[in-house]
Amino acid sequence: MMFYSKFYRRYFILTIGLAIASILFASCTPKPNSSPGQLVSQSTKTAVLKVGSRNSTTEDVLKFIQKEIASSHGLDFQIVTIADSVKINDALKSGEIDANFFQHEPFMKQAAKRLNADFVMLNRSYTTITGLYSKRLKIKSLNEIPIGATIAISNDDSNQDRALKFLKHIDLINLKEKPGEYYSIKDIIKHPKNLQIKELDNYAIVRALDDLDLAVTSASFLVQAKVSLNPIVLDEIGMANKNYAVGLATVQSKVNYPNIQKLNQLVVDPKLKDYINNYLKGTMPSLRDATRTAGYAYAPVF
């Protein structure tokens, strides 16, 4: 009896020990419906956000959000500067960055088509004042533009399309019927002004102002190059189109990430609007006034 009593006692203790060990192991093991991939995905969604910036303007806006607004909303993000309009969208597709903040929707769609990527434009933050400028000619009206004047416009599809429509609207060129998604210089037809059009990168346009009679460009590029010019005429139609406003872009698979959604709200935060309105020595108007006022660079669209 003594032998059997000790045997059962040891059996009982061993059984209880194994049961406890099983419970502890089960509590540390992922549930059947939480695959390792899902666990990694959850971690990725809450990791520090990497946001691409193309130039000093967008970087300053992102730094303001980072320093003045983000912490109170529980958001931490890293600004990644990529000084190339092509590579910054390449980085978005590859996952090197989670979002970028530098472009308008037509430019984003152009990049998405090139990369076969599923880019998504979220909230739009501000528009850049765009118009016809001249550093070499001392003129203030369209009537003073000489026949055969040289003029630079953007060499990318979406911005060239916008520039050509603007020049047609102010009666400096004629265009044939639009053959595809975008107008190009091949669509220009005879006009009395006979402008000599040069296609340049957006940043190269500002560097070439001394060698050009005219340029269609954005005041933001002038500000970054520390060039002070008033427009001869503003692109009022383009500036009133929110599709040309700078916005937060990401990929479809990340649209609902919590940190993406937080930043999406902050790019239209009232504090940011005040900052943008005072960004250029207090000279930035509201969107309503921006289309009627010369000498400005940026205007919020929210």
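Right above here is the structure, for reference.
Residues numbered from 1 in each chain as written. Predicted model: local features only at pLDDT ≥ 70, side-chain atom pairs only at ≥ 80, totals over all residues. Heavy atoms only, no water.

Asker: Please clarify how the sheet that holds strand 11 (residues 233-234) should be interpreted in this entry.
Answerer: Pairing between sheet strands relies on hydrogen bonds along the backbone, with the strands arranged either parallel or antiparallel. With respect to topology, five strands assemble into an open sheet ordered 9-6-10-5-11, the strand pairing being mixed. The two strands at the open ends of the sheet, each matched to only one other strand, are strand 9 (196-200) and strand 11. In the sheet, strand 6 (residues 150-154) pairs with strand 10 (residues 214-218) via two bridges, with the strands oriented parallel. When the bridges of strand 10 are listed, alanine 152 appears paired with alanine 215. Across the face of the sheet, helix 6 (residues 157-169) comes into contact with strand 5 (130-133), strand 6, strand 9, strand 10 and strand 11 while running at roughly 135° to strand 6. (Pairing = 2+ DSSP bridges. Helix = DSSP H or I, 4+ residues; strand = E, 2+ residues; numbered from the N terminus. Contact = heavy atoms within 4.5 Å. Axes fitted to C-alpha atoms, helices over the stretch in contact; angles between N-to-C directions.)

Asker: Before we go on, may I ask you to explain the packing of helix 4 (residues 87-94) against helix 5 (residues 105-115) in this structure?
Answerer: Two quantities define a packed helix pair, namely the angle between the axes and the distance from one axis to the other. Between helix 4 and helix 5, the shortest axis-to-axis distance is 10 Å and the interhelical angle comes to 60°. It follows that helix 4 is oblique to helix 5 by the angle criterion. The two elements helix 4 and helix 5 meet at a crossing, and its hand is right-handed. For the pair formed by helix 4 and helix 5, the contact residues are Asn89, Asp90 and Lys93 on the first element and Phe107, Ala111, Arg114 and Leu115 on the second. Grouping the amino acids of the contact of helix 4 with helix 5 by side-chain chemistry returns three nonpolar, one polar and three charged. (Parallel < 35°, antiparallel > 145°, perpendicular 65-115°, else oblique. Left-handed = near helix turned anticlockwise from the far one by under 90°. Nonpolar A, V, L, I, M, F, W, Y, C, P; charged D, E, K, R; others polar.)

Asker: Looking at this model, I keep getting lost on the environment of threonine 217. Mind explaining?
Answerer: Relative to the helices and strands, threonine 217 resides in strand 10. Note: C-alpha distance between threonine 217 and asparagine 202 (15 residues apart in sequence) is 7.2 Å. Setting aside chain neighbours within four positions, we find threonine 217 in contact with Ile129, Thr130, Gly131, Tyr133, Ile205, Val206 and Leu222.

Asker: Looking at this structure, how should I read unusual backbone geometry?
Answerer: Most peptide bonds adopt trans geometry, and most residues besides glycine take a negative phi value. The phi angle at aspartate 171 is positive, at roughly 60°, despite the residue not being glycine. Residue placement: aspartate 171 occurs in the loop between helix 6 and strand 7 (174-175).

Asker: I'm lost on the environment of tyrosine 257 in this one. Help?
Answerer: On the secondary structure map, tyrosine 257 appears in the loop between strand 12 (246-251) and helix 10 (258-266). Residue tyrosine 257 is classed as buried on the basis of its relative accessible area, which comes to 13%. (Buried < 20%, exposed > 50% of the residue type's maximum accessible area, 1.4 Å probe, protein only.)

Asker: Any chance you could explain the packing of aromatic side chains here in plain terms?
Answerer: The geometry of an aromatic ring pair comes down to the distance between the two centres and the angle between the two planes. Evaluation of the coordinates by the stated rule reveals four aromatic pairs. Between phenylalanine 101 and tyrosine 126, the ring centres sit 6.2 Å apart and the planes meet at 70°, which makes this aromatic pair edge-to-face. Placement of the pair is phenylalanine 101 in strand 3 (residues 99-103) and tyrosine 126 in strand 4 (residues 119-128), with a sequence separation of 25 residues. Under the relative-accessibility criterion, tyrosine 126 is labelled buried at 3%. Ring geometry for tyrosine 203 and phenylalanine 221: centres 4.8 Å apart, planes at 70°, overall edge-to-face. Taken as a pair, tyrosine 203 in helix 7 (residues 202-207) and phenylalanine 221 in helix 8 (residues 219-224) lie far apart in primary sequence, 18 residues in all. Just as tyrosine 203 is buried, phenylalanine 221 falls in that class too. Its end group placed over the ring of tyrosine 244, arginine 162 keeps NZ or CZ at 4.4 Å from the ring centre. (Phe/Tyr/Trp six-rings, centres within 6.5 Å; stacked < 30°, edge-to-face > 60°. Lys NZ or Arg CZ within 6 Å of the ring centre and 35° of its normal.)

Asker: Help me understand the pattern of salt bridges, please; the structure alone is not making it clear to me.
Answerer: For the structure shown, the criterion picks out eleven salt bridges. With a closest N to O distance of 3.7 Å, glutamate 105 and lysine 109 form a salt bridge. With a gap of four residues between them, glutamate 105 and lysine 109 both fall in helix 5, about one helical turn apart. Residue glutamate 105 pairs with arginine 124 through a salt bridge whose shortest N-O separation is 2.3 Å. Here arginine 124 lies in strand 4 and glutamate 105 lies in helix 5, a separation of 19 residues in the sequence. Residues participating in the shared-partner salt-bridge network are Glu105, Lys109 and Arg124. (Salt bridge = Lys/Arg side-chain N within 4 Å of Asp/Glu carboxyl O.)

Asker: Hey, could you run me through the sheet that holds strand 1 (residues 49-53) in this one?
Answerer: Across the sheet, which stays open at both edges, the six strands sit in the order 2-1-3-12-4-13 with mixed pairing between neighbours. Every interior strand has two partners, whereas the edge strands, strand 2 (77-81) and strand 13 (298-300), have only one. Adjacent strand axes in the sheet meet at a mean angle of 30°, parallel and antiparallel pairs treated alike. As judged from the two bridges shared by strand 1 and strand 3, these two strands associate in the parallel manner. Bridge pairing links valine 51 to alanine 99 in strand 3. Each of strand 1, strand 2, strand 3, strand 4, strand 12 and strand 13 is contacted by helix 3 (residues 56-69), which is oriented at about 170° to strand 2, the strand it contacts most.

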